[in-house]
Amino acid sequence: MHAVSLHHGRTCALDGITLDLPAGQIIGVIGPDGVGKSTLLSLIAGARKLQEGMLEVLGDDMADAAHRRAVCPRIAFMPQGLGRNLYATLSVSENLHFFARLFGQARAERQTRIEDLLASTGMSEFRDRPAGKLSGGMKQKLGLCCSLIHDPDLLILDEPTTGVDPLSRVQFWELISRIRLTRNGMSVIVATAYMEEAAGFDMLVTMNAGHVLSVGTAKELLDRTRTRSLENAFIAMMPAAERRTHHDVVIAARPADVAADVVIEARGLTMRFGDFTAVDHVDLSIARGEIFGFLGSNGCGKTTTMKMLTGLLAAGSGEAWLFGERVTGGNLAVRRRVGYMSQGFSLYSELSVLQNLTLQARLFALPRSALAARVSEMLHRFELDHVADAMPDDLPLGVRQRLSLAVAMVHSPDLLILDEPTSGVDPIARDMFWQMMADLSRHDNVTIFISTHFMNEAARCDRISLMNAGRVLVCDTPAAVTASRRAKTLEEAFIGYLRDAARGETGTVNLSVSRPAAATRPRGRVAETWHGFSLRRMWSYTLRETLELARDPIRGTLALFGTVMLMLILGYGLNLDVNNVRFAVLDSDNSMLSRDYALNLAGSAYFVQQTPIVDAADLDHRMRSGELNLAIELPPGFGRDLDRGAPVAVGAWIDGANPQRGETIQSYVQAMQLGWLSGMARDRLGMRLAFGSVNVQIRFRYNPDVVSVVAMVPAMIPLLLLLIPAMLTALSVVREKELGSIINLYVTPVTRSEFLIGKQIPYLVLGMVNFILLTILATAVFDVTLSGSLAFLFAASFVFILSSTGIGLLMSTFTRSQAAAILATTIGTLVPAIQYAGLINPVSSLTGVGALIGGILPVTYFLVIARGAFSKALGFGALWPDLLPITASAVVLMVLCILLLKKQEK
Amino acid sequence: MCIANITQLGLKELRSLAFDPIMLVLIAYVFTLDIYVAATVMPETLLNAPIGIVDEDRSPLSRRIADAFYPPKFQSPSLVSIGNADLGLDQGTYTFILDIPPDFERDLLAGRRPPVQLNVDATRMTQAFTGSSYIDAMVNTEVGTFLRHDAPGAVPPVDLALRIAFNPSLEQPWFGAVMQIINNVTILSIILTGAALIRERERGTIEHLLVMPVEPFEIMIAKIWSMGLVVLLACGFSVIAVVQGALQIPIEGSVLLFLFGAAINVFATTTLGIFLGTVTRSMQQFGILMILTLIPLMVLSGGMTPQESMPLVVQWVMAVAPTTHFVNLAQAILYRGAGFAIVWPQLLDLLAIGMTLFCLTLWYFRRAMRKMS
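Bear in mind the structure is a predicted one, so any value in this text is a computation, not a measurement.

Observations regarding the overall build of chain A
And then number 1: In terms of regular secondary structure, chain A is built from 34 helices and 26 strands.
And then number 2: Taking all 906 residues of chain A together, the buried fraction comes to 52%.

Quick look at the overall build of chain B
And then number 1: A count of helical and extended segments in chain B gives 15 helices and five strands.
And then number 2: The C-alpha radius of gyration of chain B comes to 27 Å, more than 25% above the 21 Å expected for a compact globule of 373 residues.
And then number 3: Summarising its shape, the C-alpha atoms of chain B cover approximately 95 × 45 × 40 Å along the three principal directions.
And then number 4: Classification of the 373 residues of chain B by burial places 58% in the buried group.
And then number 5: Here the analysis covers contacts within chain B between residues at least 6 apart in sequence; of these, 81% occur between residues at least 24 apart.

Notes on the confidence of the model for chain B
Low-confidence regions, as indicated by low pLDDT, have predicted coordinates that should not be scrutinised in detail.
And then number 1: Averaged over all residues, the pLDDT of chain B is 83; the fraction at 70 or higher stands at 92%.
And then number 2: Strand 5 (residues 158-165) of chain B is the least confidently modelled element of chain B, averaging 70 in pLDDT, while helix 11 (residues 255-279) of chain B averages 93, the highest of any element.

Quick word on the packing of helix 30 (residues 790-814) of chain A against helix 34 (residues 876-900) of chain A
The relative placement of two packed helices comes down to the angle between their axes together with the axis-to-axis distance.
All names here are of chain A.
And then number 1: Contact pair helix 30 / helix 34: the axes reach a minimum separation of 8 Å and the direction vectors enclose 25 degrees. Judged by the angle between their axes, helix 30 and helix 34 are roughly parallel. By crossing handedness, the relation of helix 30 to helix 34 is classed as left-handed. Contacts between helix 30 and helix 34 involve F792, A796, V799, F800, L802, S803, G806, I807, L809, L810, T813 and F814 on the former and, on the latter, F876, L879, L883, I886, T887, S889, A890, L893, M894, L896, C897 and L900.

Looking at the packing of helix 21 (residues 553-573) of chain A against helix 26 (residues 708-730) of chain A
Residue and element names in this part refer to chain A.
And then number 1: At their nearest, the axes of helix 21 and helix 26 sit 10 Å apart, and the two run at 150 degrees to each other. Looking at the two axes, helix 21 sits roughly antiparallel to helix 26. Helix 26 is crossed by helix 21, and the crossing has right-handed handedness. Of helix 26, the residues touching helix 21 (which contributes A559, T563, L566, M567, L570 and G571) are V709, M712, V713, M716, L720, I724 and L728.
And then number 2: Here the contact of helix 21 with helix 26 is built from residues that sort into 11 nonpolar, two polar and no charged.

Here we look at the sheet that holds strand 20 (residues 463-468) of chain A
Residue and element names in this part refer to chain A.
And then number 1: Ordered in space as 17-18-19-14-20-21, the six strands form an open sheet in which the pairing is mixed. With partners counted over all chains shown, the strands left at the sheet margins are strand 17 (338-341) and strand 21 (471-476), one partner each. For this sheet, the mean inter-axis angle between neighbouring strands, taken without regard to orientation, is 15 degrees.
And then number 2: Bridge analysis of strand 14 (residues 291-296) against strand 20 gives five bridges, and the strand direction is parallel. Residue pairing across strands places F292 opposite R463, the latter belonging to strand 20.
And then number 3: Set on the sheet, helix 11 (residues 302-310) makes contact with strand 14, strand 17, strand 18 (415-419), strand 19 (447-451) and strand 20; between it and strand 18 the angle comes to about 150 degrees.

So, the sheet that holds strand 16 (residues 325-326) of chain A
All names here are of chain A.
And then number 1: Strand order in the open sheet formed by four strands is 13-12-15-16, with antiparallel pairing between adjacent strands. At either margin of the open sheet sits one strand with a lone partner, and together these are strand 13 (276-287) and strand 16.
And then number 2: When strand 12 (residues 262-273) meets strand 13, the two strands line up antiparallel, connected through eight bridges. Pairing of V262 across the sheet is with A287, part of strand 13.
And then number 3: Most of the contacts of helix 11 go to strand 12, to which it runs at about 120 degrees, and overall it touches strand 12, strand 13 and strand 15 (317-322).

Description of the domain arrangement of chain B
And then number 1: Along its sequence, chain B is carved into domain 1 (3-42 + 172-371) and domain 2 (51-148).
And then number 2: Each of domain 1 of chain B and domain 2 of chain B was reduced to a C-alpha centroid, and the two centroids are 47 Å apart.

Remarks on the nonpolar core
And then number 1: Ranked by size, the top nonpolar core spans 366 residues in total, and within it A:I156, A:A406, A:F449, A:L720, A:L723 and B:I291 carry the most contacts.
And then number 2: In contact with A:L720, other than residues within four places in its own chain, are A:T563, A:L566, A:M567 and A:L774.
And then number 3: Counting 26 residues, the second-largest nonpolar core is a separate cluster that includes A:L601, A:L628, A:A652 and A:I654.

Side note on the interface of chain B and chain A
And then number 1: Between chain B and chain A, the residue contacts involve 125 residues of the former and 131 residues of the latter.
And then number 2: Of the residues forming the side of chain B that touches chain A, the biggest block, 17 residues, is contributed by helix 7 (residues 125-148) of chain B.

Quick notes on the confidence of the model for chain A
All names here are of chain A.
And then number 1: Chain-level pLDDT for chain A is 80 on average; 89% of the residues reach the 70-or-more range.
And then number 2: Strand 1 (residues 2-8) is the least confidently modelled element of chain A, averaging 61 in pLDDT, while helix 30 averages 93, the highest of any element.
And then number 3: Counting contacts from residues 505-528, a segment whose pLDDT is below 50, to residues more than four positions away or on other chains yields 32 contacts.

Topic: unusual backbone geometry
And then number 1: Here A:N590, not a glycine, exhibits a phi torsion of approximately 55 degrees, which is positive.
And then number 2: The residue A:N590 is located in the loop between strand 22 (581-587) and helix 22 (592-602) in this model.
And then number 3: The backbone phi angle of B:Q248 is positive, close to 55 degrees, even though this residue is not glycine.
And then number 4: Relative to the elements of secondary structure, B:Q248 occurs in the loop between helix 10 (216-246) and helix 11.
And then number 5: A residue is classified by how many C-beta atoms lie within 10 Å of it, and B:Q248, with 8 of them, is exposed.

Description of the environment of A:R113
And then number 1: Mapped onto the fold, A:R113 is located in helix 4 (residues 107-121).
And then number 2: In sequence terms A:R113 and A:S412 are 299 residues apart; their C-alpha atoms lie 54 Å from each other.

With respect to the environment of A:H97
Residues and elements named next belong to chain A.
And then number 1: Following the sequence through the fold, H97 ends up in helix 3 (residues 92-102).
And then number 2: On a C-alpha basis, the gap between H97 and L777 in space is 39 Å, while along the polypeptide they are 680 residues apart.
And then number 3: If sequence neighbours within four positions are ignored, H97 has contacts with R110 and I114.

Some words on the pairing of strand 22 of chain A
All names here are of chain A.
And then number 1: In the sheet, strand 22 pairs with strand 23 (residues 607-609) via three bridges, with the strands oriented parallel. Paired with F583 across the strands is Q609, a residue of strand 23.
And then number 2: For the crossover that starts at strand 22, traverses helix 22 and ends in the parallel strand 23, the hand is right-handed.
And then number 3: Where strand 22 meets strand 24 (residues 630-634), five bridges bridge the pair, whose relative direction is parallel.

A closer look at the pairing of strand 3 (residues 96-100) of chain B
All names here are of chain B.
And then number 1: Of all five residues that make up strand 3, five are buried, and the element is covered over most of its length.
And then number 2: Where burial is concerned, the two faces of strand 3 agree: the one with F96, L98 and I100 and the one with I97 and D99 are both buried.
And then number 3: Relative to strand 3, strand 1 (residues 51-55) runs parallel, the two being bridged by five bridges. Looking at the pairing, G52 lines up with I97 of strand 3.
And then number 4: Here strand 3 runs beside strand 4 (residues 115-121); their pairing, made up of four bridges, is antiparallel. Following the sheet pairing, L98 is matched in strand 4 by L118.

Section: helix 3 (residues 33-41) of chain B
Side chains three or four residues apart in an α-helix point the same way, a direct result of the helix having 3.6 residues per turn.
And then number 1: Burial within helix 3 of chain B is extensive, with seven of its nine residues counted as buried.
And then number 2: Listed in full, the buried residues belonging to helix 3 of chain B are B:D34, B:I35, B:Y36, B:V37, B:A38, B:A39 and B:V41.

Rules used in this analysis
- Residues numbered from 1 in each chain as written.
- Chains lettered and ligands numbered in written order.
- Predicted model: local features only at pLDDT ≥ 70, side-chain atom pairs only at ≥ 80, totals over all residues.
- Helix = DSSP H or I, 4+ residues; strand = E, 2+ residues; numbered from the N terminus.
- Buried ≥ 20, exposed ≤ 12 C-beta atoms within 10 Å, placed from the backbone.
- Rg over C-alpha atoms; globule rule 2.2 N^0.38 Å.
- Contact = placed C-beta atoms within 7 Å.
- pLDDT = per-residue confidence, 0-100.
- Axes fitted to C-alpha atoms, helices over the stretch in contact; angles between N-to-C directions.
- Parallel < 35°, antiparallel > 145°, perpendicular 65-115°, else oblique.
- Left-handed = near helix turned anticlockwise from the far one by under 90°.
- Nonpolar A, V, L, I, M, F, W, Y, C, P; charged D, E, K, R; others polar.
- Pairing = 2+ DSSP bridges.
- Domains from an automatic or database assignment.
- Core = buried A, V, L, I, M, F, W, Y, C linked by C-beta atoms within 7 Å.
- Right-handed = clockwise from strand over helix to strand, strands pointing away.

The following block contains the structure:
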């Protein structure tokens, strides 16, 4: 690596790093938060685009796309965050199969490898559990399995054990070292926040502010800094300016004699989710000013307990009191005295640091006068002054965590409930954090209820409670807990308790599987990775997408039956017949002839007569309110004048608010008038009018009765086949971007076209099922005969759905948030399809930009095909020209998607 | 209920929106360009209607009839051979084929009434309907003038004085522009609130709100006022700047009254957005459910085809949709110049629907919040 730099906007993440890392070793990368560790790792993995400098990984240049393709099957990357590259709804084995397919493994090979990995990680029992339901430690193990599936030569792990309990952490590293035993020469690069772990690595790279501070073994580092623990060495490595703010955490002893009142009291707190007991009869009693540590393996019920105490979750049974008051969902007074910080740091990513703090302060109704002062005090106290205007997502984890804490404390609560506030935070920041906790507890008498995975933090608590599988195993002072196991350290005691508990539960699970992990694994390289288009890799994404669709039956059901419902309503409701025209007569003549005129209109099937109009004001009012579509005004002397042959004028007022309807009514009235006149002329005057001397025989083709159903039902099929598949696909890519699993596209051999087409296929199939349903509905329920070629219609639908899913993919590719993708898809499909595609007005009659839009919309052409095949008895011969633009659009859309999608993060 | 909380949470929503540039661009587009395009595209029913003429007579009269069709109502007619006529209809090249039979002029002069055949592609409903009666009248006029030659015939004794109220020249842009605004109001208010709610749920920030002294009611009303305000302002801008300004469409009634109605409507539709965001679990479900709700709201509320032509069942179903009443209201105020005295029943309907929906949604929302996490 030579002079590698990387900038995010104006901030510089990496600044001219030059580094040589030898193969075959475990190399640790340590440093405070936000110094560029993750950026460095993702660059090495090829997930991020190289901006400046030269980077060679496994022998060649990473800026070269061909080399990246060639080398990526030899690299495995596990991103930061619990299970961030996994798919939550897929089961453990489905996730593994997904990754194995991406690396082109055939079934037999996949099976053996997966069995092997599951056995060696002790996860065989959980193979069918969805990844989202695994505990944090298990997620990380699964993530590791997924990374190891292809026997990489280089394993890159970004904080793999952050947020993982000590026992799982021990197991995780045991697993890694076993794997390394069998795979000599595998290099591992790890970023970690645990100094105990770092001590075991072959080599350590320390980083700060985008620079490398030192490279060497742990021992060298200790020698150089003349410190005894890595934690201290790390602190000593920091520039003096940063070190100055650091001092060892000093927690004054709690005055023992204080008869403090109880702040948190819980009795028999229990919570069940289905048949799974998350929290099982937990009793707690925490005094004012106490720092109470809450420990336990991942998924043991800590978070659930905390949520019940805050009233976020109604307790299944049992009771809890805060400040002596029963915890209920709606107690606002109690909420004012509690500060809560959840595991995920729920900050508003679209608000700046300052805005987040201010919002919180306002919601807690801080007096306006004190508000600004308090907010700036918090900014200062948590050292957030210099990032006050930054967005939380741009900040490193540790700073975000400080912000979260500031937010939780802005209203000076009496009780702080903190759920793993220090996960992923560097030692300096953690110490600073703890000093604050200590001050709050001792000076301000704030009660602190905190969960953590760090044992040195647990040791600082006044009392700790150890939880496992929903039950509290032990609750005492840290020293007493350590003593009770006759252990040397708290960690040892803790692991001891957990191992006991695990044995008690399942009897025989041997947590330290001794069998060498890969003893039976087929040796030699993975089958040569195919660099062209691979059906297997594509299929992997297809399967993944299908499974996700299958796990969310509501979505599929909505897509299929929602459209059927919609077609029923629209087929009947979208009616273009102009009938039931409401009219009334203002008859100022009231003679026989005038009454006859009105009767003539009323006799028509199109008109419905309303009560007569009284006067001009009545006419105006009723027209304005929309009660009348047509008002006929017969002047005084109408009959007399007509008899005499004097010119007579009939007034007809038509509501022109809806121009189309107005026009139709107009032609109706004209025709009725003519009919009446010629009838009258014949009967009374015995003369024939020259008018109407040609008999125009109008033949309504394809739809002889001119009923809307015939015209509209076939048109509904294109409309629905556009909107639903487009909306289904619209979220497929952007969702991976939001949830982070897009990283799999970056670091595995899957190509962009495989990724996109693989995602498209399930929706294409769903769309075809939809097409079949709608066609059956049209013919069976609406009695619209499919007179043309079914085969051609089927083929055309296929191409059309290709195109509409392509629209969805395109929207998904260029937007960054799911909400924007939804809005863009709606505006891009719904509006033009209804207005410019010829659904109601033929495209040839459109003008302006709309005509242009209508001309390029694939749905325009599919409408012609659908109507042609249904009503006009046409097939390939007449309709093939309309299939061309649809095909072209499908191809163009896919090409655009591929071009817009990036194979690396910027 | 705490007004300060509602204000603060609403301001937060506005800030979030301001932070999403793609969203802002889409909103701007929807209330300006989109309206403009919709207004200029919507044709009069008979505009550039494609017509083909099979002239088997080839007489002065048949040519005279053919010449009577010219733009803008019709495309200049093309002469089609009898063999190609069907194909032209099949492929949709023509909506109308007028077939003038051999010896048409001679037969007519001989006092017979020879038939003229008009073939119409009836799958193009609106055009077929209006066009055919129009063509019928045109042919008859031409023939009539031809027969009367120099001697003007008897004028029909009764003159029909047709007056189109509210839109004298039946100009389509008037209609298209306002209906498009209504559609966009519906789309935006549903997506803005619904998607914002789901995003908060997916990110876990809503949970954070629930440990604060904030009630679900306040969260909900904050989203409604803030997003509603955005939509309402954009809608007002659109009516005044785009419709009245750029498009020069005269508006009969009071714009303020219209906006007042729009405000009540937006209250109902934003609530609907929250409702959809509450009953669905993920953005994916929301997307589908939203499309399925939007289509009938756009197509069946009377903005595209009049309600009275729909089957009764559909009318009943659509009577609970706020947009149905809003379309009615908008047409009455903007085109027919109706005042409060005329439209108060619709306003009341809208308010009733909005309130009912609000109570229902609040109940669901509270329940969902309790069951969350």
